[in-house]
Amino acid sequence: MEKSALQIARAAYKPKLPKALLGPVAAREGKPTQSVGDQDEIKKLFPNTYGMPVIEFEAGEPQTYAPFNVGIILSGGQAPGGHNVISGLFDGVKSLNPANKLYGFILGPGGLVDHNYMEITPELMDEYRNTGGFDIIGSGRTKLEEEDQFEKGIQILRQLGIKALVIIGGDDSNTNACVLAEYYAAKKYGVQVIGCPKTIDGDLKNEQIETSFGFDTACKTYSELIGNIQRDCNSARKYWHFIKLMGRSASHIALECALQCQPNICLVSEEVEAKAMSLDDVVTYIAQAVANRAAEGNNYGTVLIPEGLIEFVPAIKKLIAELNDILATPEAQNLGRSEQIDFVKAHLAKDNLAVFNSLPTSVARQLALDRDPHGNVQVSLIETEKLLSQMVAAKLDQWKKEGKYVGKFGTQHHFFGYEGRCAAPSNYDADYCYSLGYNASRLIANGKTGYMSVIKNTTAPATDWVAGGVPITMMMNMEKRNGKMKPVIRKALVELDGAPFKYFASKRAEWAKQTAYVYPGPIQYWGPSEVCDQTTKTLQLEHK
Ligand code: FBP
């Protein structure tokens, strides 16, 4: 395969590891843990993996290990650094015993169920070190939750002599990893399951997990693009750019990009919900900023929109909750797509039906029908940026007639998501991911199951990072999914009393009025540390 100059040079990069992982390790165990919510239910559902302690690795005595094999799965959306988790795990497993083998299951969890796998050889691994993407083995969104899937899995794990399976995924995939760990522990199958926190969305974080991998690189990639647009915008001075950013429910990506680029407007879904704003309130807020700038002769600007915004408008959230319940009924499930729409309309409560009918048909259809295998609304398919700009245009027209607005409103629309998910990992993600994978091999060697690999203190230099494991049950609570209460990892949304949002809130009035754009430029891999090794602004503010 032909390679770019960057790819060739970058292949030689040696990711950094925390001090504790540079030699043999010993596990220091903390106190028994509890889940973040619904302790009694979670304990009952996970009798074998509940309450385990948080562990931290420190320097230990050398040990010898009989050969063993490990399996790996990439689950869900791509995130920069996935290949480095695999290379860290590969090197870690080989360092325990060079005869150990690593098998990759192809195209996500489905590869385990369908017995679709490949051995990751040293030559293959070297082709993918420090590269973006998940293409070494591919990823998929098959949901691992049925006993027959677990049983099919154990057949192939036994056949390949696999003693531990590492699942790289977001909150839903790690929830499933925990269910699988519990099942294999209950059956005494002798296969450990370890999770790894992945997702560009940044919503798999808590007191134990500082950030999910990929968030750093994805946000830096989007910020480069937003910065470029802002330069263009400030050069031509004739467009308002409406930029939707991936991130599913949480607004972490939009907020981080706002902190990096200082756009005129950034919406934060969590605030829209907390203030119980209607769609019209959101539109009025944007239109007012447009009108204020127009009054000073500035008919241009940038608006960042988190992709999950629409789900957080309280009236629409209520509608989605009822749609989910209606769609989960057996009657609805047996219908075709267009019949489902009629069924939904016939069963919605009056107030929800009014909201449903008020939405453009395409948006209403997407809210009613398109779900991913985990039951999430596929917000990346909803063109919120166009919906909002059209509604703002209509409001400005009305204000113009009323003499409240003088100006021109030309628009451009963008959606940044896929552009950043497979970018070559930043130095931060390259090191963080390699450490997460290497650390997973130490959790396996220590016999752990139902744990997530964690690396902490990541705003410090890598040698001072802290490596260890957190029981996945500790992050769980009960939530309604597909009409039923299920144990799930609690999603981390933007905290309105957290440092990143508070900083943004203290600055946004100034950014809305003035042209205070910052142009972050492309990710740099070589050069001064303040250019190459900076963490996200979110992490910096959270750690201050
Ligand atoms: P994960 O949560 O699986 O990491 O996926 C994140 C994400 O990129 C979201 O930001 C986005 O809404 C979704 O995946 C898009 O899904 P798909 O890749 O299936 O189009």
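Residues numbered from 1 in each chain as written. Predicted model: local features only at pLDDT ≥ 70, side-chain atom pairs only at ≥ 80, totals over all residues. Heavy atoms only, no water.

### Things to note about the sheet that holds strand β8 (residues 240-245)
Here four strands make up an open sheet; going across it, the order is β9-β10-β8-β11 and the pairing parallel. The open sheet is flanked by β9 (265-266) and β11 (411-416), the only strands paired with a single partner. Helix-sheet contacts for helix α8 (residues 215-236) involve β8, β10 (301-306) and β11, and the interaxial angle to β8 is about 175°. (Pairing = 2+ DSSP bridges. Helix = DSSP H or I, 4+ residues; strand = E, 2+ residues; numbered from the N terminus. Contact = heavy atoms within 4.5 Å. Axes fitted to C-alpha atoms, helices over the stretch in contact; angles between N-to-C directions.)

### What to know about the pairing of strand β13 (residues 466-471)
Of all the six residues making up β13, five are buried; the element is thus mostly covered by neighbouring parts of the structure. Relative to β13, strand β2 (residues 55-59) is paired through two bridges, and the arrangement is antiparallel. Each bridged residue has a counterpart across the sheet, and for I55 the counterpart in β13 is G469. Where strand β12 (residues 451-456) lies against β13, six bridges are found, and the strand directions are antiparallel. Across the sheet, I455 pairs through a bridge with A467, a residue of β13. (Buried < 20%, exposed > 50% of the residue type's maximum accessible area, 1.4 Å probe, protein only.)

### Section: the site of the ligand
Close contacts around the ligand come from 14 residues, with G77, D201, E307, Y418 and R421 the closest. T199 has a polar side-chain atom sitting 3.0 Å from an oxygen atom of the ligand. Within the side chain of D201, an N or O atom sits 2.6 Å from an oxygen atom of the ligand. Protein contact buries 86% of the 480 Å² of open area that the ligand shows by itself. In terms of residue class, the shell around the ligand is built from three nonpolar, five polar and six charged. (Near = heavy atom within 4 Å. Polar contact = N/O pair within 3.5 Å; in protein donor to acceptor, adjacent residues only side chain to side chain. Areas by Shrake-Rupley, 256 points an atom, 1.4 Å probe, with all protein chains shown as cover. Nonpolar A, V, L, I, M, F, W, Y, C, P; charged D, E, K, R; others polar.)

### Re empty space enclosed by the protein
Applying the stated rule across the entire model yields three cavities of 30 Å³ or more. Size it by volume and the largest cavity reaches roughly 50 Å³. Taken together, ten residues form the lining of the largest cavity, with S75, P109, L144, S173 and N176 sitting closest to its centre. Tallied by class, residues from the lining of the largest cavity come to four nonpolar, five polar and one charged. (1 Å grid on protein atoms, 1.4 Å probe; cavity = no way out; pocket = protein on both sides within 12 Å on 5 of 7 lines; lining within 4 Å. Points joined across faces, edges and corners; volume = space filled by probe spheres on them.)

### Thoughts on the side chain of N97
Positionally, N97 belongs in the loop between α3 (82-96) and β4 (101-105). In this structure N97 comes out as buried when scored by relative accessible area, which is 14%. Polar side-chain contacts of N97 include one of 2.8 Å to the backbone oxygen of Y65. Not counting residues up to four positions away in its chain, the partners in contact with N97 are Y65, A66 and P67.

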